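Below are the chains, spelled out letter by letter.
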Amino acid sequence: IKETETKQWYQRRVRADETINKEYLSMSGLQSLCDAAMRLVLGESSPVIQEDRAVALQTLSGTGALYICFQFIDQFYGGCKDIYVSDPSWGNHKLMIDRIPGLNFKQYPYYNSETMTVDVDAMCRTLDGAAEGSVVLLHACAHNPTGIDPSRNDWEKIAAVCQKKNLLVIFDLAYLGYASGDYNEDAWSIRYFADLGMEFFVCQSFAKIMGLYSERVGALHFVGATSEIAHKCLSQMKIIVRSIYSNPPSHGARIASLCLNNRDLRIEWEDCLKEMHARIRRARTYLHTALKMANVPGNWDHILSQNGMFSYTGLTKAQCEVLIEKHHIYLLKSGRISMCGVTESNAKYVAESFKDAIETAKEN
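Conventions and cut-offs
Residues numbered from 1 in each chain as written. Predicted model: local features only at pLDDT ≥ 70, side-chain atom pairs only at ≥ 80, totals over all residues. Heavy atoms only, no water. Buried < 20%, exposed > 50% of the residue type's maximum accessible area, 1.4 Å probe, protein only. Helix = DSSP H or I, 4+ residues; strand = E, 2+ residues; numbered from the N terminus. Pairing = 2+ DSSP bridges. Right-handed = clockwise from strand over helix to strand, strands pointing away. Phe/Tyr/Trp six-rings, centres within 6.5 Å; stacked < 30°, edge-to-face > 60°. Axes fitted to C-alpha atoms, helices over the stretch in contact; angles between N-to-C directions. Parallel < 35°, antiparallel > 145°, perpendicular 65-115°, else oblique. Left-handed = near helix turned anticlockwise from the far one by under 90°. Contact = heavy atoms within 4.5 Å. Nonpolar A, V, L, I, M, F, W, Y, C, P; charged D, E, K, R; others polar. Polar contact = N/O pair within 3.5 Å; in protein donor to acceptor, adjacent residues only side chain to side chain. Salt bridge = Lys/Arg side-chain N within 4 Å of Asp/Glu carboxyl O.

Novice: Would you mind showing me how to read helix H12 (residues 251-261) here?
Specialist: Because each turn of an α-helix spans 3.6 residues, side chains separated by three or four positions end up pointing in the same direction. Where burial is concerned, most of H12 is hidden: nine out of the 11 residues are buried. Listed as buried for H12 are Gly252, Ala253, Arg254, Ile255, Ala256, Ser257, Leu258, Cys259 and Leu260.

Novice: I keep staring at the pairing of strand E3 (residues 104-109) and nothing clicks. Help me out?
Specialist: Regular strands show a simple pattern: their side chains alternate between the two faces of the sheet. Inspection of the sheet shows strand E2 (residues 82-87) paired to E3 by six bridges, in the parallel sense. By the bridge assignment for E3, Val85 is matched with Gln107. Taken together, E2, helix H5 (residues 91-98) and E3 form a β-α-β motif whose crossover is right-handed.

Novice: When you look at the packing of aromatic side chains in this model, what are you seeing that I'm missing?
Specialist: For any pair of aromatic rings, the description rests on two quantities: the centre-to-centre distance and the angle between the ring planes. For the structure on display, the rule yields 14 aromatic pairs. Taking the centre distance of 6.2 Å and the plane angle of 85 degrees together, the rings of Trp155 and Phe193 count as edge-to-face. Of this pair, Trp155 sits in helix H7 (residues 152-164) while Phe193 sits in helix H9 (residues 188-195), and the two are 38 residues apart along the sequence. There is no split in this pair, since Trp155 and Phe193 are both buried.

Novice: Would you explain the packing of H7 against H9 in this entry?
Specialist: Axis angle and axis distance: for two packed helices, these are the angle between their axes and the distance between the axes, and together they describe the pair. With their axes 10 Å apart at the nearest point, H7 and H9 run at an angle of 40 degrees to one another. Between H7 and H9, the interaxial angle falls into the category oblique. Crossing handedness for the pair H7 and H9: right-handed. Contacts between H7 and H9 pair Arg152, Trp155, Glu156, Ile158, Ala159 and Cys162 from the former with Trp188, Ser189, Tyr192 and Phe193 from the latter. Across the contact of H7 with H9, the residue classes tally to seven nonpolar, one polar and two charged.

Novice: Please explain the pairing of strand E6 (residues 135-139) as it appears in this structure.
Specialist: Buried residues dominate E6, accounting for five of its five residues. The two faces of E6 match: Val135, Leu137 and His139 on one face and Val136 and Leu138 on the other face are all buried. Strand direction decides the pairing type here: E2 and E6, joined by two bridges, are parallel. Residue Tyr84 lies in a different strand from E6, and its bridge partner there is Val136. Across five bridges, the pairing between E6 and strand E7 (residues 168-173) is parallel. Directly across from Leu137, in E7, lies its bridge partner Ile170. Running through H7, the crossover from E6 to the neighbouring parallel element E7 is right-handed.

Novice: Help me understand the sheet that holds strand E8 (residues 200-205), please; the structure alone is not making it clear to me.
Specialist: Strand-to-strand pairing in sheets goes through backbone hydrogen bonds, with the strands running parallel or antiparallel. Spatially, E1-E9-E8-E7-E6-E2-E3 is the arrangement adopted by the seven strands of the open sheet, whose pairing is mixed. Since the sheet does not close on itself, it has two edges, and those belong to strand E1 (54-60) and E3, each with one partner. The average undirected angle you get between the axes of adjacent strands in this sheet is 25 degrees. Relative to E8, E7 runs parallel, the two sharing five bridges. Pairing of Ile170 across the sheet is with Phe201, part of E8.

Novice: Help me understand the side chain of Ser86 in this model?
Specialist: Among the structural elements, Ser86 can be located in strand E2. Overall, the relative accessible area of 1% leaves Ser86 in the buried class. Side-chain polar atoms of Ser86 contact the backbone oxygen of Pro88, separated by 2.7 Å. A polar atom in the side chain of Ser86 sits 3.0 Å from the side chain of His143. In contact with Ser86, other than residues within four places in its own chain, are Gln107, Tyr108, Tyr110, Leu137, His139 and His143.

Novice: What is the right way to read the pattern of salt bridges from this model?
Specialist: Opposite charge on two side chains permits them to pair, given that their charged atoms come into close proximity. Scanning all chains against the criterion turns up 11 salt bridges. Where Glu270 meets Arg266, a salt bridge forms, and the shortest distance between an N and an O atom there is 3.0 Å. Of the two residues, Glu270 and Arg266 both sit in helix H13 (residues 263-293), four residues apart, roughly one turn of that helix.

Have a look at this one:
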């Protein structure tokens, strides 16, 4: 979807539409995008959509959706203001929560560094010990930074704890389709919670899944217990939008809406999404093979078992510093790398650099 020719074709289609002008959008944004985004997340025949219990507004990508959501919780949520976030998680979660005085940043264990899997039991124990009505932020798929997602059985356990403790759930959805190549499969956790009748938010980004990084296109969804509750919440969220930026930009929203609502373009986008997923899977294979060929110490099978754009390599801070300073391989010092930067031509260099970093850090 990021290919120049395809992207420019979408933009030409938008520019050629003589019905489009530069008037303001409403506070909730482009309705055709909101409706299509909602169906994408919840399913074309979702009962909550049919019952009018789901609402959505366009946001400034996923970050904007999260910020509006956090502001709404601070201003209008009557439950506990503790927000539980996975350890580790995307750094911006803590940054935003900490800047809102009424919210309390908490963490639940997520990653088991020994098994390199999701520690669902520890996660559920922590959430079970949370105050009644607390807030929990969950990565719907392609967890950032670990690339490790709960299984369906795990999601059922997580949902049970959320119901037991009456937790308000926020799904962060930045990589729909990147985990499996199928957006329906990647949205399973969200749809499962909806089927249970739970109330929750979904903070959705189109940056990665459509290559609209600079356009800042996203959506904030809320599923309520009733239609009345959902629409009252939407009204308050629009007021928050009004107080911050009044209304979102239209250009990127029109591109995303056209892509989702035009049958031919929708099929093309779905194919592009599958290809992006396949390309990242190939990158994992390239790196895994190169690590084995270079006899890099350790078991690197987690490179293959993880999914999405990122991989939690298991490298230490000292090893990462060697990679950055000596080999000019840039990654977070937590060991997270972007798999999109790995290619068939550079995988050998990356693997040999890993080996040197491990040996060098051990000597020091």
